[in-house]
Amino acid sequence: MTITGEIRSSKRRSGPPRLKITSLEVLCGILVLALLFQSRLVDLLDVPKLRTAATVFVAICVQAMPFLVLGVLISGAIAAFVPASALRRLLPTRTALAVPVAGVAGVALPGCECASVPVAKRLMQQGVAPAVALTFLLAAPAVNPIVLVSTAVAFNDTPMMVVARFVGSLLTAVVMGWLWVRFGKAEWIAERALARMQDHSGTSKWAVFAESARHDLVDAGGFLVLGGLFAAAFKTFVPVAWMQTLGGQLVLGVLVMAFLAVILALCSEADAFVAVAFSALPLLPRLVFLVVGPAVDVKLIALQAGAFGKSFAFRFAPATFVVAILCAVVTGVVLL
C-alpha cells in the first residue's frame, strides 16, 4: 500500500462515527409520530372492518403467545439441562425407526404448533436428525392430551372424531418424517437451525436457559405477529358467504376447509370448537380442517420461515398441506 493510501485509510478510520439506526430508534420514532398525530390516526382507523381485523389479530396473538412462551421455555430447558448424548440414546439409531417414535412422543408436549417450532429447532441443534425433529414438530400440536380432550368435548356426540383426528394427525407427521428421510436435503434448512450448540461448560445452566429462551422468543415472536396479520386480514375481508357456498359439495368442502384451516391459523387447543360450528358440512371436511390446521397454517409457515429459513418453509409447507389432506381423507373414509 502506498503512503497516500495509508493516509486516506487512516483518515477513514479516524473520521466521525457513523450514526447507526437500530430497531429501537425506529420504534421510538413511530411512537412519537403516533402521539403527535393521535387524533388523525383515530379518525383514519375508525372503520368497522379495521376494528374487526385488529380484534382478530389481537385474539390470535393472545391465544398463541402463552403456548409460544411454553415452547421457548421447553427449548431453553433442553439447551441448558438435557445433554445431546441423552437425546440420542433415547431414540433408535436408524432414522426411519426414530420417526414414528418421535411421532408418538408428541403426546408428551401439551402445546400447540407455536410451542413445537422452537423445540424442534433445539432438537436439531442437539444433534437429533431433522426428519425426527420435524416429525415431532407436526405430531406434538395435534396428538397431545389437551387437544384430544378439547376435540372430545366439542364433538361429544361423535367420539370417533377424536380417534380419527389422532390417527390422521399422527399419520401425517410420520409420513412427512419418512418423506424427509427419503427426499429431504440439509441445505434446505438454514445453517442457524442446524448449527451445533456451543459448549457452555463453566457457564451457569440457568444463564444458558434464560439466554436460549430469550433468543428463541424474540426470533419467533416477530413471525407470529406476521402470521397473525395475514390471518386477520383474510378472516375480515373475505365474505363468509363465499365459504358457505363452496362448502356445499364434499370435494369442494374438503378443499375449502383445508384452505380455511391454513388461513385462520387457530391454535390446536381451540380449533375443534370452530370445526363443530360448521354443522352444515359432513364430518369428513371438518376432519380435514382439524388435521391440516395444526400441521400447516400461515402463522406456522411464518414461524418455520423464521426458525428454519424461507427455503425450508416454501418446500415443507406445501408438501405437508397435501400429505395432511390425503391422510385426513383416508382416515375419515375408514373411521367415519
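Residues numbered from 1 in each chain as written. Predicted model: local features only at pLDDT ≥ 70, side-chain atom pairs only at ≥ 80, totals over all residues. Heavy atoms only, no water.

**A closer look at the overall build of the protein chain**
The condition that has to hold: In this description a helix means any DSSP run of H or I spanning at least four residues, a strand means any run of E spanning at least two, and both kinds are numbered starting from the N terminus. Only protein chains enter the calculation, and the probe is 1.4 Å; a residue is then buried if its accessible area is under 20% of its type maximum, exposed if over 50%, and partly exposed in between. Contacts between residues were defined by any pair of non-hydrogen atoms, one from each residue, lying within 4.5 Å. In short, Shrake-Rupley with a 1.4 Å probe defines the accessible areas, and a residue's cover is counted only from the protein chains shown.
Secondary structure assignment for the protein chain yields 18 helices and 0 strands. When the 336 residues of the protein chain are sorted by exposure, 45% land in the buried category. Sequence-distant contacts in the protein chain: of pairs separated by 6 or more residues, those separated by 24 or more amount to 85%. Of the roughly 17600 Å² that the protein chain leaves accessible, carbon and sulfur atoms contribute 71%.

**Some details on a nonpolar patch on the surface**
Rule in force here: Like-charged residues within 9 Å of one another, or nonpolar side chains (Val, Leu, Ile, Met, Phe, Trp, Tyr) within 5 Å, are grouped into patches, provided each residue has over 30% relative accessible area and no salt bridge. Whenever Lys or Arg places a side-chain nitrogen within 4 Å of a carboxyl oxygen from Asp or Glu, that contact is recorded as a salt bridge.
Side chains of Leu250, Val251, Leu252, Leu255 and Phe259 sit close together on the surface and give an oily, nonpolar patch of about 450 Å² of accessible area. Within the secondary structure, Val251 sits in helix 14 (residues 250-264).

**Let's talk about the pattern of salt bridges**
Side-chain pairing between opposite charges can occur once the charged atoms of the two side chains come close. Across all of its chains, the model carries 1 salt bridge by this definition. A salt bridge links Asp297 to Lys299; the nearest nitrogen and oxygen atoms lie 3.9 Å apart. Considered together, Asp297 and Lys299 belong to a single accessibility category, that of buried residues.

**Some points on the UniProt feature "transmembrane region" (unreviewed entry) in the protein chain**
So the rule is basically this: UniProt positions are given in the numbering used here, feature names are shortened, and annotations may be inferred rather than shown by experiment.
Residues annotated by UniProt as "transmembrane region" (unreviewed entry) correspond here to residues 21-41, 53-82, 131-155, 161-181, 223-242, 248-266, 273-292 and 312-335. Taken end to end, residues 161-181 is 100% helix and 0% strand, and its first and last C-alpha atoms sit 30 Å apart.

**A short note on the packing of helix 6 (residues 95-105) against helix 10 (residues 160-183)**
Rules: Under this scheme, a helix contributes an axis fitted over its contacting stretch, all axes are lines through C-alpha atoms, and angles between N-to-C directions fall in the 0 to 180 degree range. For classification purposes, an angle smaller than 35 degrees is called roughly parallel, one larger than 145 roughly antiparallel, one from 65 to 115 roughly perpendicular, and anything else oblique. By convention, the crossing between two helices is left-handed when the near helix turns anticlockwise from the far helix through less than a right angle, and right-handed when the turn is clockwise.
The contact between helix 6 and helix 10 brings their axes to 9 Å, and the two run at 155 degrees. Taken together, the axes of helix 6 and helix 10 are roughly antiparallel relative to one another. Both helix 6 and helix 10 take part in a crossing whose hand is right-handed. Where helix 6 approaches helix 10, its residues Thr95, Ala96, Val99, Pro100, Gly103 and Val104 are matched on the opposing element by Leu170, Val174, Gly177, Trp178 and Val181.

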